[in-house]
Amino acid sequence: MRQRLSSEPDRYRGRRRVPTPPRSRYAAVVTTAFVGAGVVALGAGALPDAKNVSPSVLDELKQASIASEDAAARAGAADRATRDSARGGAEQVDESDVWLLPLQGYDFTSPYGMRWGKLHTGVDLVAAEGTPYVAIHDGTVTKAGWFGGYGYTVIVQHPDGSEAIYGHSSAVSVKEGQQVKAGDQLGLVGNTGHSYGSHLHLEIHVKGEPRDPVPWLQERGVDIKLQVEAIYSEVAGS
C-alpha cells in the first residue's frame, strides 16, 4: 500500500459516510408516505397546469399512488395476521401437554442402567433435604406413603397410562386418589428407605416396565440432565 504524500490532496477530506437506513417491516408504509407526499406536493404547485401536462403522465402518477396504497394495505394486513397467529398459537396450547422438571437446582448423579450389579431403574437428583418437588405431568396419585426400599413415595399415573415414581421423600404432600396438575407440589426431597443421601429418585414406568427417564422425557420436551423444560418455556414465552 502506497503512503500518501503530505503534498497530495486528500480526496476524502470533508466527506462522511452516510449510514444505510435499517430495513423494516414497515418499509412499505414509509414508501407510501413518501410517494403520497410527493403526489400532494406536485398537486399543490410543483405540477404545471393540468392542461399542459400529458394525460399519460397524470395517469402514471395516479397508478403509482394506488399501487403504493395497496402495498401499505398488504403490509398492514400481513402484520396483523402475524400478531393474531402468535396470540392464537399461545391460546391453543393444551395444558395437558405440559411436562415439567420435578424440581429445580439439583445435581444429576446416578443415571438409569446397571449399578452395583443390578439395574438402577430410575435417575437420582441430588438436592437438599426438604426441597419441594412437583408433578412432572397431570395425573392421579395412586400411592402416597411408605413404599419399602423407596421410603416415603408418591406415584402418579398419567392420562396416557404411564407412571412417575418419586422416591426417598422426607414427607409427602398429597393423598391417594388426588388429581394433580403439572407443577403441583407432591412432597419434599429426603433420605428415606434404601438411600445413600438426600435426593429424589425418579422412575418412569410404561405398562408396568421401567423406562430410562432421560430419553423418555426428552421426547416430551424436558431434558432432565440439562434441567431444561422446552415445552413449558415456549408456553411461558408466548
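Calculation notes
- Going along each chain's sequence as written, the residues are numbered from 1 onward.
- Owing to the predicted nature of the model, reporting of local features is limited to residues with pLDDT of at least 70; listing and counting of side-chain atom pairs is limited to 80 or more, with chain, interface and lining totals taken over all residues.
- Think of the side-chain values as coming from all heavy atoms in the structure, minus any hydrogens and water.
- The rule for pairing is simple: two strands pair if DSSP sees at least two bridges between them.
- In DSSP terms, a helix is any run of H or I states spanning at least four residues, a strand is any run of E spanning at least two, and both are numbered starting from the N terminus.
- A pairing counts as a salt bridge when a side-chain nitrogen of Lys or Arg comes within 4 Å of a carboxyl oxygen of Asp or Glu.
- Exposed residues in this analysis have more than 50% of their type's maximum accessible area, buried residues have under 20%, and partly exposed residues fall in between, with area computed by a 1.4 Å probe over protein chains only.
- Within this scheme, the nonpolar core is defined by two criteria: the residues are buried Ala, Val, Leu, Ile, Met, Phe, Trp, Tyr or Cys, and they are joined through side-chain atoms within 4.5 Å.
- Each Phe, Tyr or Trp ring, with Trp reduced to its six-membered ring, pairs with another whose centre is within 6.5 Å; inter-plane angles below 30 degrees give stacked pairs, above 60 give edge-to-face pairs, and intermediate values give tilted ones.
- Polar contact is defined as a pair of N or O atoms within 3.5 Å, subject to the rule that within protein one atom must be able to donate a hydrogen and the other to accept it, and that residues adjacent in sequence are counted only when both atoms are side-chain atoms.
- Residue contacts are counted whenever heavy atoms from the two residues lie within 4.5 Å of one another.

J.: Just checking my understanding: could you explain the pairing of strand E4 (residues 123–126) for this structure?
T.: In regular strands, side chains alternate between the two faces of the sheet. Where strand E1 (residues 107–108) and E4 come together, two bridges link them in antiparallel fashion. From the neighbouring strand, Phe108 faces E4, where its bridge partner is Leu125. Sheet topology note: the E4/strand E11 (residues 199–206) ladder contains four bridges and is antiparallel. Of the residues in E11, the one forming a bridge with Val126 is His199.

J.: Where do I start with the pattern of salt bridges in this structure?
T.: Where side chains of opposite charge bring their charged atoms close, a pairing between them can arise. Evaluated as defined, the whole model comprises three salt bridges. Residue Lys181 pairs with Asp138 through a salt bridge whose shortest N-O separation is 3.8 Å. Separated by 43 residues along the polypeptide, Lys181 in the loop between strand E9 (179–180) and strand E10 (185–189) and Asp138 in the loop between strand E5 (132–134) and strand E6 (139–146) bring together distant segments of the chain. Overall, the relative accessible area of 49% leaves Lys181 in the partly exposed class. Among the residues examined, Asp138 registers a relative accessible area of 10% and is labelled buried. Residue Arg220 is joined to Glu219 by a salt bridge in which the shortest nitrogen-to-oxygen separation is 3.4 Å. A relative accessible area of 64% places Glu219 in the exposed class.

J.: Where do I start with the pairing of strand E8 (residues 163–172) in this structure?
T.: Looking at chain direction, strand E7 (residues 152–157) and E8 are connected through five bridges and run antiparallel. By the bridge assignment for E8, Tyr152 is matched with Ser169. Turn length for the E7-E8 hairpin, with the two strands adjacent in sequence and antiparallel, is five residues, and the turn residue Gly161 shows positive phi of about 95°. As paired strands, E8 and E11 are joined by five bridges and run antiparallel to one another. Bridge pairing in E11 links Tyr166 to Leu202. Of the pairings in the sheet, the one linking E8 to E10 comprises three bridges and is antiparallel in character. From the neighbouring strand, Ala171 faces E10, where its bridge partner is Leu188.

J.: Looking at this model, I keep getting lost on the nonpolar core. Mind explaining?
T.: A general feature of soluble globular proteins is that nonpolar side chains tend to end up buried together. Formed by 29 residues in total, the largest nonpolar core has its most connected members in Leu103, Tyr133, Val154, Tyr166, Leu186, Leu217 and Ile224. Breaking this core down by element, the ones donating at least two residues are E4, E6, E7, E8, E10, E11 and helix H3 (213–218). When residues in this core are grouped by element, the largest group, four residues, is from E11.

J.: Which parts of the structure should I look at to understand the packing of aromatic side chains?
T.: The description of an aromatic ring pair rests on the distance of the ring centres and on the angle between the ring planes. All chains considered together, the criterion is met by four aromatic pairs. Between Trp99 and Trp216, the ring centres sit 5.4 Å apart and the planes meet at 80°, which makes this aromatic pair edge-to-face. In this pair, Trp99 is assigned in the loop between helix H2 (55–91) and E1 and Trp216 in helix H3, connecting sequence segments 117 residues apart. Across this residue pair, the class does not change: Trp99 and Trp216 are buried.

J.: Would you mind showing me how to read the environment of Gln104 here?
T.: In this fold, Gln104 is placed in the loop between H2 and E1. A residue is classified by how much of its surface remains accessible, and Gln104, at 51% relative accessible area, is exposed. Distance in space between the C-alpha atoms of Gln104 and Gln227 is 7.6 Å, their sequence separation being 123 residues. A polar side-chain atom of Gln104 sits 3.5 Å from a polar atom in the side chain of Glu229.

J.: Sorry if this is basic, but what is going on with unusual backbone geometry here?
T.: If you check the backbone angles, Trp116 has positive phi at about 55° while not being a glycine. Here Trp116 lies in the loop between strand E2 (113–115) and strand E3 (118–120). Here Gln227, not a glycine, exhibits a phi torsion of approximately 60°, which is positive. Residue placement: Gln227 occurs in the loop between strand E13 (222–223) and strand E14 (228–229). Looking at Gln227, the relative accessible area reads 29%, which means it is partly exposed.

J.: What exactly am I supposed to notice about the side chain of His199 here?
T.: Relative to the assigned elements, His199 resides in strand E11. A polar contact is formed between the side chain of His199 and the side chain of Ser195, at a distance of 3.4 Å. With sequence-adjacent residues up to four places away left out, His199 is seen in contact with Asp124, Leu125, Val126, Ala127, Gly167, His168, Val189 and Gly190.

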